[in-house]
Amino acid sequence: MTGRGDAVGALPPFPGPPDAPVYLDYNATTPVDPRVVEAMMPYLTGFFGNPSSSHSYGAEPRRALGEARARVAALIGARADEVVFTGSGSEADLLALRGAVLASGRSRPQVITQATEHPAVLESCRSLERLHGARVTVLPVDADGQVDPAALASALTEATVLVSVMAANNETGALQPVTELAALAHERGALFHCDAAQAVGKIPLDVGELGVDLLTVVGHKMYAPKGVAALYVRDGVRLEPVVHGGPQERGRRAGTENVALAVALGAAARIAAHELDDGTPDWIATLRDTLHQRLRTALPGRVHLHGPEKARLPNTLNVRIDGVLGHELLAAAPGVAASTGSACHSGTHTPSPVLTAMGLDPARALGALRLTLGRWSTPAGIETAANTLIEAVARH
């Protein structure tokens with residue numbers, strides 16, 4: 001990795017307390033980058049105007065909103081007018097799924113998704129089934145958590161309106177063959193939505209190369225605050241809004257825009273683009289692999305990887321250690337802040353639906369640790385985390 005300075009400024013210190021545990025839960029949420037905070041602050045104070053106002057108080061918020069939209073678009077290879085700001089990734093997913101299904105005008109539309117999707121997609125599909133008569137097909141995944149394109153090809157019908165498959169899994173980091181899946185969907189006249197919450201900013205993504213019609217971007221997965229996200233909507237795709245009212249966001253999402261949060265997402269996108277060019281993902285992957293190797297060396301034959309070894313996010317390590325439950329290990333290692341699975345399920349001590357869909361029995365799935373790295377991960381922190389976990393296993 002080369003230096004982290006120049007156009008976006010040097011990497012600030014870690015925003016958390018200096019004596020805090022080693023943070024290895026970046027897939028649950030990222031710290032808000034101080035550079036992002038600095039960018040958004042003027043729009044919480046002096047530049048408070050409504051961006052729709054025609055007088056001078058609206059001019060700067062309107063300009064900043066447009067710039068933020070352009071920065072998000074640039075990160076994913078889209079046009080600025082194809083980016084719709086939303087209040088969360090879940091809302092963006094809902095707008096994509098419900099919006100496409102209702103806009104189709106079909107009485108019994110088919111929606112296809114897959115078993116390890118985020119609940120924001122799976123529950124939206126269930127609501128479409130329950131409330132709007134949609135037929136939902138959930139594709140299985142293989143032992144690595146990936147969809148077989150042949151399974152999608154077999155499931156597609158003339159009634160298929162939308163296919164929704166994530167770019168990368170939040171628990172295992174498994175990457176899906178999105179380009180191939182999107183092409184199959186288009187052959188049958190269906191739209192393709194991709195929840196890219198975990199992938200945007202971690203790996204290069206271009207909506208044109210992927211061939212997707214709809215793509216979800218989430219702020220708090222890429223060092224912006226919670227409460228802001230975006231949906232890429234390919235030009236020409238019709239969506240029924242889920243928030244009705246004014247003409248904001250080209251009529252797709254009513255409500256006065258939160259300019260400060262949009263600016264934050266734009267700033268985060270600009271920094272992410274710089275890091276993708278800078279080699280930061282490779283640096284993070286090296287740290288991840290160092291952590292994995294340290295655990296395997298100290299605990300020979302006991303450490304098992306969940307998900308693909310190669311086709312996964314550079315920051316994600318999901319493993320189980322024989323003889324110890326994941327939540328018990330983390331309780332015995334308070335110096336490490338990590339997860340036993342999706343953050344949405346932490347604390348329940350039930351097997352991860354993602355891992356069980358991959359074929360793991362409950363006993364093995366309960367042993368999972370999700371260790372996810374990010375912008376402030378360091379060799380020293382990884383060494384500390386490895387030693388802490390190894391010592392906790394030894395005490396178990």
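The paragraphs below set out a description of the structure included in this document. (Residues numbered from 1 in each chain as written. Predicted model: local features only at pLDDT ≥ 70, side-chain atom pairs only at ≥ 80, totals over all residues. Heavy atoms only, no water.)

Scanning the model with the defined rule gives 17 salt bridges in all. One salt bridge in this structure joins E91 and R253, with 2.7 Å as the shortest N-O distance. With E91 in helix 3 (residues 89-104) and R253 in the loop between strand 8 (229-233) and helix 8 (259-278), the pair connects residues that are 162 residues apart, well separated along the chain. Residues joined in a network through salt bridges with shared partners are D33, R35, E275 and R375. (Salt bridge = Lys/Arg side-chain N within 4 Å of Asp/Glu carboxyl O. Helix = DSSP H or I, 4+ residues; strand = E, 2+ residues; numbered from the N terminus.)

Our next topic: helix 8. For helix 8, with 20 residues, the first-to-last C-alpha span of 28 Å sits near the 28 Å given by 1.5 Å per residue. Burial analysis of helix 8 places 16 of its 20 residues in the buried class, which makes it a mostly covered element. Directly beyond the C-terminal end of helix 8, a positive phi value near 90 degrees is found at G279. (Expected span 1.5 Å × (residues − 1). Buried < 20%, exposed > 50% of the residue type's maximum accessible area, 1.4 Å probe, protein only.)

As a further point, take empty space enclosed by the protein. Within the structure shown, the criterion is met by 2 cavities of 30 Å³ or more. Taken as a whole, the largest cavity encloses approximately 190 Å³ of empty space. Lining the largest cavity we find 18 residues, and of these G201, K202, Y223, E275 and I284 sit closest to its centre. Among the elements of the structure, helix 8 and helix 9 (280-298) are those that each provide at least two residues to the lining of the largest cavity. The dominant element in the lining of the largest cavity, judged by the number of residues it contributes, is helix 9, at 3 residues. (1 Å grid on protein atoms, 1.4 Å probe; cavity = no way out; pocket = protein on both sides within 12 Å on 5 of 7 lines; lining within 4 Å. Points joined across faces, edges and corners; volume = space filled by probe spheres on them.)

What follows deals with the packing of helix 9 against helix 13 (residues 379-395). Packing of helix 9 against helix 13 leaves a shortest axis separation of 10 Å and a crossing angle of 25 degrees. With respect to their mutual orientation, helix 9 and helix 13 come out roughly parallel. Along this stretch, helix 9 crosses helix 13, giving a crossing that reads as right-handed. Here W283, L287, T290, L291, R294, L295 and A298 of helix 9 come into contact with helix 13, specifically with P379, I382, E383, A386, N387, L389 and I390. Its residues placed into classes, the contact of helix 9 with helix 13 shows 10 nonpolar, 2 polar and 2 charged. (Axes fitted to C-alpha atoms, helices over the stretch in contact; angles between N-to-C directions. Parallel < 35°, antiparallel > 145°, perpendicular 65-115°, else oblique. Left-handed = near helix turned anticlockwise from the far one by under 90°. Contact = heavy atoms within 4.5 Å. Nonpolar A, V, L, I, M, F, W, Y, C, P; charged D, E, K, R; others polar.)

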